[in-house]
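Remarks on the overall topology
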Amino acid sequence: MRIGFLADLHANREATEACMKALSRAGCKRFVFLGDLIGYGADPAWVVDFVRAQVAAGAVAVQGNHDAALREGAGGALHAEARAAIDWTRARLDDAQRSFLLGLPLAVEDGDRLYVHANAFDPGGWAYVHNALAVERSLAATGCSLTLVGHVHDQALHYTGTAGQPIRFDPVPGVAVPLLASRRWLAVVGSCGQPRDGNPAAACAWLDTAGRRLTFLRVPYDHAGAAAKIRAAGLPETFAARLEGG
């Protein structure tokens, strides 16, 4: 089976549609959404409804910190512009859409895989796995051989070395990485809706479960159109500029 992974969609319809098309072309029949469906972008209702329909058809979705911030008073950890985007978003979602986001689990185990937005050691604390210590803590917190996360917005693959210490590997988009069973792995799939590595192309990944091979993708999309929607909505200019600059 081939499973497609999208994280940090951030209310970006254009990026979500482009990644889903690319993952479908790759043969993915099942999908996992690793949190932060909303925030920053101009199409929260569309993205929530899309993911909700995917979940009804068998997909998995976990909650991200922007999704959790929909709860009144829960957005304090976000910076001021992100809180403003959540306030704007809250007013554009109906009760069913808000309930869907707030009812998402923080983590899901699926066989030997763990799906979580931020990390395995404190999923609701939203700490980033952006250094070796955080990766080590996350790997130590689960017995799963493969953990897949979002939150960081860049793509990376970490694995345990011979002494058990985590080693970072920077994947090449489109090149499958064999996940040796003798190692444990943590994959950061990158942001579909708001990349931050200087490349505006949307990020996603797919896993061949039979062959234990993980492929990271970068997918061009109409980022200028998505940015124009953000400006038209009156959301902070920073969010539009990020889409254009990556």
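Look above for the structure.
Residues numbered from 1 in each chain as written. Predicted model: local features only at pLDDT ≥ 70, side-chain atom pairs only at ≥ 80, totals over all residues. Heavy atoms only, no water.

Per the stated rule, a full pass over the model turns up 14 salt bridges. Here R98 ties to D95 by a salt bridge, and the two come within 2.4 Å at their closest N and O atoms. Pair noted here: R98 and D95 are both in helix α5 (residues 95-102), with a separation of three residues, about one helical turn. What makes R98 partly exposed here is its relative accessible area of 23%. Taking the shortest distance from any N to any O, the salt bridge between D197 and R218 comes out at 2.7 Å. Of this pair, D197 sits in the loop between β10 (185-189) and β11 (202-208) while R218 sits in strand β12 (residues 213-219), placing them 21 residues apart in sequence. Under the relative-accessibility criterion, R218 is labelled buried at 18%. Through salt bridges with shared partners, a single network forms among R30, D110, D112, R113 and R212. (Salt bridge = Lys/Arg side-chain N within 4 Å of Asp/Glu carboxyl O. Helix = DSSP H or I, 4+ residues; strand = E, 2+ residues; numbered from the N terminus. Buried < 20%, exposed > 50% of the residue type's maximum accessible area, 1.4 Å probe, protein only.)

Once that is clear, we can look at the sheet that holds strand β3 (residues 60-61). Overall, mixed pairing links the six strands, which are arranged β3-β2-β1-β11-β12-β9 in an open sheet. With one partner strand each, in any of the chains shown, β3 and β9 (177-178) form the two edges of the open sheet. In the sheet, strand β1 (residues 2-6) pairs with strand β2 (residues 30-33) via four bridges, with the strands oriented parallel. Residue pairing for β2: G4 is matched across the bridge by F31. Contacts from helix α2 (residues 44-56) reach β2 and β3 within the one sheet, and its direction differs from that of β2 by about 130 degrees. (Pairing = 2+ DSSP bridges. Contact = heavy atoms within 4.5 Å. Axes fitted to C-alpha atoms, helices over the stretch in contact; angles between N-to-C directions.)

Attention shifts here to the side chain of Q155. Relative to the helices and strands, Q155 resides in strand β7 (residues 155-160). A distance of 3.1 Å separates the side chain of Q155 from the backbone oxygen of V189, its partner in a polar contact. At a separation of 3.2 Å, a polar atom in the side chain of Q155 contacts the main-chain carbonyl oxygen of C204. When sequence neighbours within four positions are dropped, the list of residues in contact with Q155 reads R168, D170, P171, V188, V189, G190, A203, C204, F216, L217 and R218. (Polar contact = N/O pair within 3.5 Å; in protein donor to acceptor, adjacent residues only side chain to side chain.)

This part covers the packing of helix α1 (residues 13-25) against α2. Two numbers describe how α1 lies on α2: the axes approach to 9 Å, and their chain directions differ by 30 degrees. On the basis of their axis angle, the class for α1 and α2 is roughly parallel. Considering the relative orientation of α1 and α2, their crossing is left-handed. Here α1 contributes R13, T16, E17 and M20 to the contact with α2, which in turn contributes W46, V47, F50 and Q54. Considered class by class, the residues forming the contact of α1 with α2 number four nonpolar, two polar and two charged. (Parallel < 35°, antiparallel > 145°, perpendicular 65-115°, else oblique. Left-handed = near helix turned anticlockwise from the far one by under 90°. Nonpolar A, V, L, I, M, F, W, Y, C, P; charged D, E, K, R; others polar.)

This next bit is on the nonpolar core. Membership of the largest hydrophobic core comes to 46 residues, with the highest contact counts inside it found for L6, L9, L23, F33, L37, V51 and L101. Per-element tally for this core: the top contributor is α1, with six residues. Those residues in contact with L23 that sit more than four places away from it in its chain are G4, F5, L6, C28, F31, C204, A205, W206 and L217. If you look at the next biggest cluster of nonpolar residues, it comprises 22 residues, including V108, Y115, W185 and V189. (Core = buried A, V, L, I, M, F, W, Y, C linked by side-chain atoms within 4.5 Å.)

Here the structure, examined in full by the defined rule, presents zero disulfides. Looking at the unpaired C144, the closest cysteine sulfur is the one in C28, lying at 20 Å. (Disulfide = S-S within 2.5 Å.)

Our focus in this paragraph is α5. Looking at α5, one finds that the buried residues are Q97, F100 and L101. Down the axis of α5, the smallest arc covering the buried residues is 95 degrees, so these residues share one side. Exposed residues on α5 whose side chains face more than 90 degrees from its buried face are D95 and S99. Lining the buried residues of α5 we find α2 and α3 (65-68). (Arc of directions from axis to C-beta.)

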